[in-house]
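In case you want the letters, here they are:
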Amino acid sequence: MTLPSKLPSIIALTGGGLAREAGFAPFDPATLPTGLRLEDVLTPDAFRRNPTTVRGFYNRRRRELLACQPSAAHEALAALDALRSREVLVVTRNIDDLHERAGSQAVIHTHGELLKAQCLICTKVSERYDDITAETACPVCGNAGHLRPHIVWVGEEPLGMAAVYQALAQCRLLLVIGIPSHTEPVRGFIVDATRAGARTVELNAELHPDAPQLAERFPGSIAETLPAYARKLAGVTSWAD
Ligand SMILES: [Zn+2]
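Here is what the cut-offs are and how they apply
Residues numbered from 1 in each chain as written. Predicted model: local features only at pLDDT ≥ 70, side-chain atom pairs only at ≥ 80, totals over all residues. Heavy atoms only, no water. Helix = DSSP H or I, 4+ residues; strand = E, 2+ residues; numbered from the N terminus. Contact = heavy atoms within 4.5 Å. Polar contact = N/O pair within 3.5 Å; in protein donor to acceptor, adjacent residues only side chain to side chain. Buried < 20%, exposed > 50% of the residue type's maximum accessible area, 1.4 Å probe, protein only. Phe/Tyr/Trp six-rings, centres within 6.5 Å; stacked < 30°, edge-to-face > 60°.

1. Thoughts on the environment of Glu156
In step 1: Tracing the chain through its elements places Glu156 in the loop between strand S6 (147-151) and helix H6 (161-168).
In step 2: Separated by 112 residues in sequence, Glu156 and Pro44 have C-alpha atoms that sit 8.4 Å apart.
In step 3: With near-sequence residues (within four places) excluded, Glu156 lies in contact with Pro44, Arg148 and Ile151.
In step 4: There is a polar contact of 2.7 Å between the side chain of Glu156 and the backbone nitrogen of Trp153.

2. Re the side chain of Glu113
In step 1: Tracing the sequence through the fold places Glu113 in strand S4 (residues 112-119).
In step 2: Residue Glu113 is classed as buried on the basis of its relative accessible area, which comes to 15%.
In step 3: A polar contact of 3.2 Å, which involves the side chain of Glu113, links it to the side chain of Lys116.
In step 4: Setting aside chain neighbours within four positions, we find Glu113 in contact with Ile95, Glu100, His150 and Ile151.

3. Some words on the packing of aromatic side chains
In step 1: A full pass over the atoms with the stated rule returns seven aromatic pairs.
In step 2: Plain terms: the ring middles of Phe27 and Tyr58 are 6.4 Å apart, the flat faces sit at 65 degrees to each other, and that makes the pair edge-to-face. Pair noted here: Phe27 is in the loop between helix H1 (16-21) and helix H2 (44-49) and Tyr58 is in helix H3 (residues 51-66), with a separation of 31 residues, a long-range link.
In step 3: On the basis of relative accessible area, Tyr58 is assigned to the buried category, the value being 1%.
In step 4: Considering the side-chain rings of Tyr165 and Phe189, the 5.7 Å spacing of their centres and the 75 degrees angle between planes classify their relative orientation as edge-to-face. One end of the pair, Tyr165, is in helix H6; the other, Phe189, is in helix H7 (residues 186-195), with 24 residues separating them in the sequence.
In step 5: Classification of Phe189 as buried rests on a relative accessible area of 6%.
In step 6: Three or more aromatic residues link up through ring pairs in this structure, and these residues are Phe27, Phe47, Phe57, Tyr58 and Trp153.

Read these as geometric descriptors, not functional statements.
So this is what it looks like as structure tokens:
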């Protein structure tokens, strides 16, 4: 995780709706391999019981991710970050690296990263672009067969939350992008940011009627609404200006 050197004034909270528009939906039930249920790949207990199945699922998703490209929305956030002197902190529930590939500098992955693995012996996290098997050795301690996907599974603590709450307490703008605004913890983030005096804006394919109060809400394709909003915010009519 890379944190900005100064506290960010803009927080972009992103989720599955953003990744889905880029063609990556690792946990959509409709895209699960035949016979596999989400609970088979989303808990520490599932990994203990059937590591081969769990490794195989994430190996497949890793290969799919490497074939995907960031969307216009990912690129707009990165362009805004560059124009606004690194004021943007991306807080994402997504496990892909599409924000980083688009060029965003400060990204907190609260639910882990598909392109990383954690060693169960030395606990170190390392980059992983190829398959993890029962024979794969940890690049740090050298022990083989003890790597797990660096994914926050059900029942495990989200990552980087202290930094997220610190940033929320002083941000000026919270963008809620492709993540349901009416469910926790997003609802709480919106309330916290509003209390701190920040403007809150939601960009989602569909807007839920039970969302907390937001200053602005934009329905429709995020790849269309976010670039338009980011350009307006940056005061440019195109990123080439
Ligand atoms: Zn190790």
